[in-house]
There are 2 protein chains.
Amino acid sequence: MESFEHYIPTKLYFGKGSISHLEESLNTYGKRVLLSYGGGSIKKIGLYDEVMKILNEGGFTVVECAGVEPNPRIETVERGSKLCKEHNIDVILSVGGGSTLDCSKAIAVGAYYKGDDYWQMVLDSRGTSKALPLIDILTLAATGSEFDGGGVISNMALNKKIGRSFTFPQVSICDPTYTYSVSAYQTAAGSADIMSHIMEGYFSRTDDSDLSEAIQEGVLKSVIKNLPIALKEPTNYSARANLMWNSSIACSGIPEYGKLDTYWPCHAMEHELSAYYDITHGVGLAILTPRWLEYILAKDPTITPRLAKFARNVWGLQGDDEAALAKQGIQALHDFFKSNGIPMTLTEVNINEEHFQAMAESACSHDRLQRAYVPLTVEDVKKIYQMCL
Amino acid sequence: MESFEHYIPTKLYFGKGSISHLEESLNTYGKRVLLSYGGGSIKKIGLYDEVMKILNEGGFTVVECAGVEPNPRIETVERGSKLCKEHNIDVILSVGGGSTLDCSKAIAVGAYYKGDDYWQMVLDSRGTSKALPLIDILTLAATGSEFDGGGVISNMALNKKIGRSFTFPQVSICDPTYTYSVSAYQTAAGSADIMSHIMEGYFSRTDDSDLSEAIQEGVLKSVIKNLPIALKEPTNYSARANLMWNSSIACSGIPEYGKLDTYWPCHAMEHELSAYYDITHGVGLAILTPRWLEYILAKDPTITPRLAKFARNVWGLQGDDEAALAKQGIQALHDFFKSNGIPMTLTEVNINEEHFQAMAESACSHDRLQRAYVPLTVEDVKKIYQMCL
């Protein structure tokens, strides 16, 4: 069991009606609120009105930063940061999914940024740790941004997507009913994201970190159980609640405590897909993960027992032939994603091999892939991309 | 799945050598340190010297509060609180197990207490939430006090043992090697405490909180696996590390998120044993838990499926007869404690029925037992105590 550090100071209110904690939470920090949100889905579900009623009745001054993109852009970080400075904002309220929240985290730091080049701020965390207080209301079970300090920001002009630690939300309000109207496609993609956050750490050389193994297998089995229910019955509270709490835990670091750092290779490879093609993050992960597993199993058969364990404990497969089981587990993962409506080839999401070389080189430009569970070279990554076509 | 709130702002450093974070952690809060510890076991293992070297070389002023008891007393809380006031302490450093830490939490609050009656402070949390910063170095895997805000303080003159929320440690340093020298008896008792913290929440009417079920069963199975190893090989790092991280999670609230509050009935009953007889908390819990399960199963057979699940998923028992399985699971729990050297009757720890009536009345004086998984009356509690003789 390896050493680890735990620190998540976020207060998380989970459950139907948790918005009742919003006013008291905001009041802790002040009356001038930057309200950040995405493309307007929060208006469709009535959440915008619900929030504005609380803000108006509570006497808050509200400045809006609307239109935060999926794969949020550096331009929006800059816009929001300038709004905070201009309007002397006390606290940011993010209403939406992980993209809105990631962007809001960067804005919280950007509000104190003294430079002009906000992309430089994303790239270089030195001297940019001071942040405005941040409260979020979550509307999508996927990234887990509500329970960690990180965020991912895209610079489409440079085809770059960079993750870094910004700031923890002071308060996260997680009401599963706000995810009732999430489309089948986004629900499935979000679930793939949750599963990926777990699998990135599950496949590791460490096998004596008992609690982490239990949490990892527990989250995977819960998503496998609840995603089909949520797709069939979008207002099934229990299914939506399990997916939401799974999402918060999955990216918190807790599921891989005590395990050797695996450097999240699929995320490194997927960030290139999103940076070049702006596809849905969870879909990219769903396409990549089974191919990555297939590739590394062929490259390094010593990992067979871990993959057989995955097949047994996560998918309930049985048998004595470890090598066969390992392959069946990967197939089960692929089939699960497919049966829940996720396009399972890059071709289906209009990606061809044009940029594979550049993307593979970029993915390998930091040392994450070299230090991964099974180390990967540029050639390896290109081959994995090709398997996804 | 029920609503819940999560808030644990503690920074936890886990692993061998984590003490390297001590000096920087203390320096965040100041140079005047109250060092609290127990009966001197930290001197035997060399930890006292290691800590004093860091404190001396770091230029800290140290005031000692030694002799904190197992089941820490209100008198010690008063003594420590007065030392803080007298010496203008900036930060408390607790070195020891859960008792030392619980006492230190009460002292942290007591340092700001304006009254004279410290027992009143324990009883009434109103207006006593301000607390000195607190850092702990853990030497025992048991209570989980390093990862929650609560503490339990005893008033032996009144035969009362009261738990309340005091303050979270700012930093917890959890190095499994510090538990190498813990006696077999205390290792087993600590493990029973960990298991009890889980079982109090496992037995609940809620069965759709997937992650909580996975964590609960995961912790129980990990303790069942690692306790015998730690007893046989006291310096087995992996076993000690798993027990330690299990202990931190078990009492954090996380394992029962989303489950109906079960009000921890065994703890309510055990606190009376400790308050009257000053026995080891974990031993009291180990004696009570199988008898409590046996009693409530007889009282309310509708809980049979949950107990059968416990038998299957935790103990690996198999069979189609749910009622038989339920009983076998309870027996397995009893036998596990016994085989690890825990005295499994009250008679063995010199407790007779003299105070059963008063203890049962006291246990039922708050509404925890009436609202428990299977509600218990004074008569029920007396019968459970009698089953433990």
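The model shown is predicted, which means the values in this text are computed figures rather than measured ones. (Residues numbered from 1 in each chain as written. Chains lettered and ligands numbered in written order. Predicted model: local features only at pLDDT ≥ 70, side-chain atom pairs only at ≥ 80, totals over all residues. Heavy atoms only, no water.)

Caption draft 1: Molecular detail of the overall build of chain A. Scanning chain A for helices and strands turns up 15 helices and eight strands. On C-alpha atoms alone, chain A measures out to a radius of gyration of 20 Å, which is about the 21 Å that the 2.2 N^0.38 rule sets for 389 residues. The buried share of chain A, reckoned over its 389 residues, is 62%. Taking all contacts inside chain A whose residues are at least 6 apart in sequence as the whole, residues at least 24 apart take part in 77%. Carbon together with sulfur atoms contributes 50% to the accessible area of chain A, which is approximately 14,000 Å² in total. Computed over 35 positive and 47 negative side-chain charges, the inter-centroid distance for chain A is 2 Å. (Helix = DSSP H or I, 4+ residues; strand = E, 2+ residues; numbered from the N terminus. Rg over C-alpha atoms; globule rule 2.2 N^0.38 Å. Buried < 20%, exposed > 50% of the residue type's maximum accessible area, 1.4 Å probe, protein only. Contact = heavy atoms within 4.5 Å. Areas by Shrake-Rupley, 256 points an atom, 1.4 Å probe, with all protein chains shown as cover. Lys, Arg positive; Asp, Glu negative; His and termini not counted. Charge placed at Lys NZ, Arg CZ, Asp CG, Glu CD.)

Caption draft 2: Spotlight on the environment of Ser183 of chain A. All names here are of chain A. As for its placement among the helices and strands, Ser183 is situated in the loop between strand S8 (171-174) and helix H7 (184-202). Ser183 sits in the partly exposed class, given a relative accessible area of 37%. Remark: the alpha-carbon pair of Ser183 and Leu231, spanning 48 residues in sequence, is separated by 8.5 Å. A polar contact of 3.0 Å, which involves the side chain of Ser183, links it to the backbone nitrogen of Gln186. (Polar contact = N/O pair within 3.5 Å; in protein donor to acceptor, adjacent residues only side chain to side chain.)

Caption draft 3: Region of the structure containing the relation of the copies chain A and chain B. With an RMSD of 0.0 Å, chain A superimposes on chain B once it is rotated by 180° and translated 0.0 Å along the axis. Both chain copies can therefore be described as sitting about a two-fold axis. Closest approach to the rotation axis among the C-alpha atoms of chain A is made by Pro9 of chain A, whose C-alpha sits 2.0 Å away. Comparing interface residues between copies, 100% of those in chain A also sit at the interface in chain B, which points to an isologous, same-surface contact. (Least-squares fit on C-alpha atoms with pLDDT ≥ 70 in both.)

Caption draft 4: The arrangement of the pairing of strand S5 (residues 134-138) of chain A in detail. Residues and elements named next belong to chain A. Taking burial as the measure, the five residues of S5 include five buried ones, the bulk of the element. Here S5 shows a buried face lined by Leu134, Asp136 and Leu138 and a second buried face lined by Ile135 and Ile137. Strand direction decides the pairing type here: S5 and S8, joined by four bridges, are parallel. Bridge assignment links Leu138 to a residue of S8, and that residue is Cys174. (Pairing = 2+ DSSP bridges.)

Caption draft 5: Seen up close, the UniProt feature "domain: Fe-containing alcohol dehydrogenase-like C-terminal" (unreviewed entry) in chain A. Annotation from UniProt places "domain: Fe-containing alcohol dehydrogenase-like C-terminal" (unreviewed entry) at residues 187-386 of chain A. Taken end to end, residues 187-386 of chain A is 65% helix and 0% strand, and its first and last C-alpha atoms sit 27 Å apart. (UniProt positions renumbered as here; feature names shortened; annotations may be inferred.)

Caption draft 6: Inspection of the interface of chain A and chain B at higher detail. With 36 residues of chain A at the interface, the matching set in chain B holds 36 residues. Across the chain A/chain B interface, buried area totals approximately 3,100 Å², and carbon plus sulfur atoms make up 60% of it. Three residues stand out in chain A for area buried against chain B, namely Met1, Leu211 and Trp245 of chain A, and they jointly supply 22% of the buried area on that side. Our count for the contact surface shared by chain A and chain B stands at two salt bridges. Residue Lys225 of chain B pairs with Asp210 of chain A through a salt bridge whose shortest N-O separation is 2.8 Å. Applying the counting rule to chain A against chain B returns 16 residue pairs in polar contact (both at pLDDT 80 or more). (Buried area = accessible area lost by both parts, 1.4 Å probe. Salt bridge = Lys/Arg side-chain N within 4 Å of Asp/Glu carboxyl O.)

Caption draft 7: Structural context of the sheet that holds strand S2 (residues 32-37) of chain A. The 12 strands are arranged S3(A)-S2(A)-S4(A)-S5(A)-S8(A)-S1(A)-S1(B)-S8(B)-S5(B)-S4(B)-S2(B)-S3(B) in an open sheet whose pairing can be described as mixed. Two strands lie at the open edges of the sheet, namely strand S3 (61-65) of chain A together with strand S3 (61-65) of chain B, each paired on one side alone. If you compare each strand with its neighbour and ignore which way they point, the axes differ by 25° on average. Sheet strands in contact with helix H3 (residues 47-57) of chain A are S2, S3, strand S4 (91-96) and S5 of chain A, and its direction is about 175° off that of S2 of chain A. Together, S2, S3, S4 and S5 of chain A form the strand contacts of helix H5 (residues 98-110) of chain A, whose direction differs from that of S4 of chain A by roughly 165°. (Axes fitted to C-alpha atoms, helices over the stretch in contact; angles between N-to-C directions.)

Caption draft 8: Local environment of the domain arrangement of chain A. Residue and element names in this part refer to chain A. Domain boundaries in chain A define domain 1 (11-178) and domain 2 (184-388). Centre-to-centre, using C-alpha coordinates, domain 1 lies 27 Å away from domain 2. Carbon and sulfur atoms supply 61% of the area buried between domain 1 and domain 2, which totals about 2,000 Å² over both sides. Among the residues of domain 1 in contact with domain 2, Phe147, Asn159 and Lys161 are the three that bury the most area, contributing 26% of the side total. (Domains from an automatic or database assignment.)

Caption draft 9: Main features of the state of the cysteines. Scanning the entire structure with this criterion turns up zero disulfides over all chains. Not engaged in a disulfide, the cysteine Cys364 of chain A finds its nearest cysteine sulfur in Cys266 of chain A; these two sulfurs lie 13 Å apart. (Disulfide = S-S within 2.5 Å.)

Caption draft 10: Summary view of the packing of helix H10 (residues 265-277) of chain A against helix H14 (residues 356-363) of chain A. Residues and elements named next belong to chain A. It is the contact of H10 with H14, at a shortest axis distance of 9 Å, that shows an interaxial angle of 130°. As summarised for this structure, H10 and H14 are arranged oblique, according to the angle between their axes. In the crossing of H10 with H14, the sense of the turn from one axis to the other is right-handed. Here H10 contributes Ala268, Met269, Glu272, Leu273, Tyr276 and Tyr277 to the contact with H14, which in turn contributes Ala358, Met359, Ser362 and Ala363. Looking at the contact of H10 with H14 residue by residue, the classes come out as eight nonpolar, one polar and one charged. (Parallel < 35°, antiparallel > 145°, perpendicular 65-115°, else oblique. Left-handed = near helix turned anticlockwise from the far one by under 90°. Nonpolar A, V, L, I, M, F, W, Y, C, P; charged D, E, K, R; others polar.)

Caption draft 11: Focus on the side chain of Ser81 of chain B. Residue and element names in this part refer to chain B. Secondary-structure assignment places Ser81 in helix H4 (residues 74-87). Side-chain polar atoms of Ser81 contact the backbone oxygen of Val77, separated by 2.7 Å. With near-sequence residues (within four places) excluded, Ser81 lies in contact with Ala106, Ile107, Gly110, Ala111 and Tyr118.

Caption draft 12: Region of interest: the packing of aromatic side chains. Residue and element names in this part refer to chain A. Under the defined criterion, the tally for this structure stands at 36 aromatic pairs over all chains. Both rings, one in Phe14 and one in Trp245, keep their centres 6.2 Å apart while their planes meet at 65°; by these two values the pair is edge-to-face. Taken together, the positions of Phe14 in strand S1 (residues 4-14) and Trp245 in helix H9 (residues 237-250) put the pair 231 residues apart, joining distant regions of the chain. By relative accessible area, which is 1% here, Phe14 ends up buried. Counting every residue linked through ring pairs, the aromatic cluster contains Tyr202, Phe203, Trp292, Phe310, Trp315, Phe336, Phe337 and Tyr373. The ring of Tyr48 carries the charged tip of Lys43 above its face, separated from the ring centre by 4.7 Å. (Phe/Tyr/Trp six-rings, centres within 6.5 Å; stacked < 30°, edge-to-face > 60°. Lys NZ or Arg CZ within 6 Å of the ring centre and 35° of its normal.)

Caption draft 13: Quick look at the environment of Ala214 of chain B. Relative to the helices and strands, Ala214 of chain B is located in helix H8 (residues 210-232). Judged by relative accessible area, Ala214 of chain B falls into the buried class, the value being 16%. It is 36 Å that separates the C-alpha atoms of Ala214 of chain B and Phe356 of chain B, two residues lying 142 residues apart in sequence. Apart from residues lying up to four places away in sequence, Ala214 of chain B is in contact with Ala214 and Gly218 of chain A.

Caption draft 14: Quick look at H8 of chain B. All names here are of chain B. With 23 residues, H8 extends 34 Å between its outermost C-alpha atoms, agreeing within 8% with the 33 Å of an ideal straight helix rising 1.5 Å per residue. Asn226 marks the point of greatest bend in H8, at about 25°, and the proline Pro228 comes within the next four residues. Counting buried positions along H8 gives 17 out of 23 residues, so the element sits mostly inside the fold. (Expected span 1.5 Å × (residues − 1). Bend = angle between axes of the 7 residues up to and from the residue.)

Caption draft 15: Structural detail: helix H7 (residues 184-202) of chain B. If you check H7 of chain B, its first and last C-alpha atoms are 26 Å apart, about what 19 residues at 1.5 Å a residue would give, namely 27 Å. Counting buried positions along H7 of chain B yields 16 of 19 residues, so the element is predominantly enclosed.

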